[in-house]
Amino acid sequence: MQYTDVFIEFWEQVKQSVEEERFAKLTMAKTIGKPNLKNIFVRPVYSNDGFMVLLKLRYRSRETEDIEQKLTLDEAFPILQKHLKTSFFSVLLFTTTKDVTFKINKKGAGSITEGLPTFTNITQAEIGDN
């Protein structure tokens, strides 16, 4: 199955984990080559305005400053989606009940696997966190 369709299925699990208050963290990893963009992290931020995420782009080069943005989950989606298959092959969703991994293989097919949870508690992100 095309990776874009599978990523939408994966994103539904992300949204469901937020609705059920199980979302702990999301990480884009396994870079393609050696791009300057090293990681993308998404961490929960609970506020009076509702659920938001802190999206952090971390760069390899010390000359490039990391970027942090406080966004809604819907605003974060297209940013993450545009880095699929251009910068990253996998996305890891950490929830308090399971870890879910989305991967793209060399043929461009996507897959989702599940494992035991890494986090049992949710730590809220603060601006300036790593």
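Each remark here, short or long, concerns the structure printed above.
All of the points below concern the structure found in this document. Here the structure is a predicted model, which is why all the values come from computation and not from measurement.

### What to know about the packing of aromatic side chains
Right, on to step 1. Applying the stated criterion across every chain, the model contains 8 aromatic pairs.
Right, on to step 2. The interplanar angle of 20° and the centroid separation of 5.7 Å between the aromatic rings of Phe7 and Phe77 together place this pair among those described as stacked. Of the two residues, Phe7 is situated in helix H1 (residues 3–19) and Phe77 in helix H2 (residues 73–83); the sequence distance between them amounts to 70 residues. In this pair, the class of Phe7 matches that of Phe77, namely buried.
Right, on to step 3. One aromatic cluster in this structure is built from Phe7, Phe10, Trp11, Phe77 and Phe102.

### Focus on H2
Right, on to step 1. Among all positions in H2, only Leu73, Ala76, Phe77, Leu80 and His83 are buried. Summarising the axial view, the buried residues of H2 lie within an arc of 135°, below the 170-degree limit, and thus occupy one face. With respect to the buried face of H2, the exposed residues turned more than 90 degrees away are Asp74 and Lys82.
Right, on to step 2. Elements in contact with the buried residues of H2: H1, strand S1 (23–31), strand S2 (37–47), strand S3 (50–59), strand S4 (67–71) and strand S5 (88–95).
Right, on to step 3. Immediately beyond the C-terminal end of H2, within one or two residues, lies Lys85, with a positive phi of roughly 65°.

So, how was this worked out
Residues numbered from 1 in each chain as written. Predicted model: local features only at pLDDT ≥ 70, side-chain atom pairs only at ≥ 80, totals over all residues. Heavy atoms only, no water. Phe/Tyr/Trp six-rings, centres within 6.5 Å; stacked < 30°, edge-to-face > 60°. Helix = DSSP H or I, 4+ residues; strand = E, 2+ residues; numbered from the N terminus. Buried < 20%, exposed > 50% of the residue type's maximum accessible area, 1.4 Å probe, protein only. Arc of directions from axis to C-beta. Contact = heavy atoms within 4.5 Å.

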